[in-house]
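# A closer look at the structure
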Amino acid sequence: MTDEREAERLRQERETFEVQKSQSRWWFGLRFATATTLLALAIGVFVISALIILSPDRYSPDAVLGSGFVMLLDLAALVGAALSALLKPSSQPSLSPVTHMSDRD
């Protein structure tokens, strides 16, 4: 009976670990896709703003001024996002064994 319990416990531990590993992989993919999308949007905003600023004769002064303001906000948001990613602890716990040594007794 004890061997069956240990085998079942080991099976459940492996299954739990595999589920955690799969969830960790999916969360990484989601975070990566979100960061890539946001970076592409930020680059697009920056490029459009730069085009407007570099050809002020084609646009009104208000559009050029607004474009400069948007570019500064875009850069500030990128710096803030980078610092936030660097300084905050990981939101995803690291993978570890699901059974502690004291649980085995």
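What counts and how
Residues numbered from 1 in each chain as written. Predicted model: local features only at pLDDT ≥ 70, side-chain atom pairs only at ≥ 80, totals over all residues. Heavy atoms only, no water. Helix = DSSP H or I, 4+ residues; strand = E, 2+ residues; numbered from the N terminus. Buried < 20%, exposed > 50% of the residue type's maximum accessible area, 1.4 Å probe, protein only. Areas by Shrake-Rupley, 256 points an atom, 1.4 Å probe, with all protein chains shown as cover. Patch = residues over 30% accessible without salt bridge, like charges linked within 9 Å, V, L, I, M, F, W, Y side chains within 5 Å. Salt bridge = Lys/Arg side-chain N within 4 Å of Asp/Glu carboxyl O. Expected span 1.5 Å × (residues − 1). Contact = heavy atoms within 4.5 Å.

## Some remarks on the overall build of the chain
Broken down by element type, the chain carries two helices and zero strands. Each of the 105 residues in the chain was classed as buried or not, and the buried ones make up 11%. Accessible surface, the chain: about 8800 Å² in total, of which carbon and sulfur atoms supply 67%.

## Remarks on a nonpolar patch on the surface
Together, Leu39, Ile43, Phe46, Val47, Leu51, Leu72, Leu75 and Leu78 line one region of the surface with nonpolar side chains, adding up to about 700 Å² of accessible area. Only helix H1 (2–54) and helix H2 (61–87) provide two or more residues apiece to the nonpolar patch. Among the elements that take part in the nonpolar patch, H1 stands out by supplying five residues, more than any other. Take leucine 78: it is sitting in helix H2.

## As for the pattern of salt bridges
Under the counting rule described, the total for this entry stands at four salt bridges. Between glutamate 15 and arginine 11 there is a salt bridge, with its nearest N and O atoms 2.8 Å apart. You can see glutamate 15 and its partner arginine 11 sitting in helix H1, four residues apart, about one turn around the helix. Classification of glutamate 15 by relative accessible area gives partly exposed; the value is 47%. Overall, the relative accessible area of 40% leaves arginine 11 in the partly exposed class. Taken together, the shared-partner salt bridges in this structure form one network comprising Glu8, Arg11 and Glu15.

## A short note on H2
Taking 1.5 Å per residue, 27 residues should reach 39 Å; H2 reaches 39 Å between its end C-alpha atoms and fits that length. Turning to H2, its buried residues number three or more, namely Val64, Ser67, Met71 and Asp74.

## Some points on H1
Over its 53 residues, H1 extends 77 Å from the first C-alpha to the last, a length consistent with the 78 Å expected when each residue adds 1.5 Å. Glu13, Ala42, Ser49, Ala50 and Ile52 are the residues of H1 that are buried. Its buried side turned inward, H1 meets H2.

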